[in-house]
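# Understanding the architecture of this molecule
So you can see what is in the structure, the chains are spelled out below.
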Amino acid sequence: MSERIHNTDVDRRIGERLRKWREMIGMSRKELAGILHISDDALYRIESGATGLSPNYAYILANELNCDMNYIYSKEEIPYRTIERQAGLPAGRRAAIMLRYCLEILENEHGYE
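First things first, this report covers the structure right here in the doc. On a predicted model such as this, the values are computed, not experimentally measured, just so you know.

Turning our eyes to something else, we now look at the overall build of the protein. A count of helical and extended segments in the protein gives 7 helices and 0 strands. Listing the helices and strands of the protein from first to last along the sequence gives α-α-α-α-α-α-α. A burial count over the protein gives 31% of its 113 residues as buried. Pairs at least 24 residues apart make up 50% of the contacts formed inside the protein by residues separated by at least 6 positions. When the accessible surface of the protein is summed, it comes to about 7300 Å², and 51% of that surface belongs to carbon and sulfur atoms.

Here's what the structure looks like:
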């Protein structure tokens, strides 16, 4: 019987990015869980990296919610497409979001505060 290989580092990174994206667009965990038709606890497990993000949920995120899957899955540090798609936000707010992500990258990589 073969065991499923579980890459917790990857699942954790994907979950963390999903949580950041959800918070950036101002959606609660309960709201997103409802859209995905899963429990709040199940979404918490995905965001914490305990459970991987299934292709079905990724499809819903990308196609129904305009989630930038390049940001979620790749090493792209800033969710450019997600920020660009927030057309309802004033330009200053979009710029502030972008700046916040840039500062977070500097803090994480170089220890700046």
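Moving on from the coordinates now.
With a phi angle near 60 degrees, His 37 is a residue other than glycine that sits in the positive phi range. Within the secondary structure layout, His 37 lies in the loop between α2 (29-36) and α3 (40-48). Residue Asn 66 is not a glycine yet carries a positive backbone phi of 55 degrees. Of note, Asn 66 is situated in the loop between α4 (55-64) and α5 (69-73). For Asn 66, a relative accessible area of 41% gives the class partly exposed.

Along the chain, Glu 47 turns up in helix α3. Among the polar contacts listed, one links the side chain of Glu 47 to the side chain of Arg 22, at a separation of 2.7 Å. The residues touching Glu 47, leaving out its near neighbours within four places in the chain, are Gly 15, Glu 16, Leu 18, Arg 19, Arg 22 and Arg 29.

For the rest of this paragraph, the subject is the nonpolar core. Ranked by internal contacts, the top residues of the largest apolar core, which has 21 residues, are Leu 18, Trp 21, Leu 32, Leu 53, Leu 61 and Ile 72. Those elements giving two or more residues to this core turn out to be α1 (8-24), α2, α3, α4 and α5. Residue contributions to this core peak at 4 residues, all from α1. Not counting the four nearest positions on each side in its chain, Leu 53 is found in contact with Ile 14, Leu 18, Ile 46, Ala 58, Leu 61, Met 69, Ile 72 and Tyr 73.

Definitions and cut-offs
Residues numbered from 1 in each chain as written. Predicted model: local features only at pLDDT ≥ 70, side-chain atom pairs only at ≥ 80, totals over all residues. Heavy atoms only, no water. Helix = DSSP H or I, 4+ residues; strand = E, 2+ residues; numbered from the N terminus. Buried < 20%, exposed > 50% of the residue type's maximum accessible area, 1.4 Å probe, protein only. Contact = heavy atoms within 4.5 Å. Areas by Shrake-Rupley, 256 points an atom, 1.4 Å probe, with all protein chains shown as cover. Polar contact = N/O pair within 3.5 Å; in protein donor to acceptor, adjacent residues only side chain to side chain. Core = buried A, V, L, I, M, F, W, Y, C linked by side-chain atoms within 4.5 Å.

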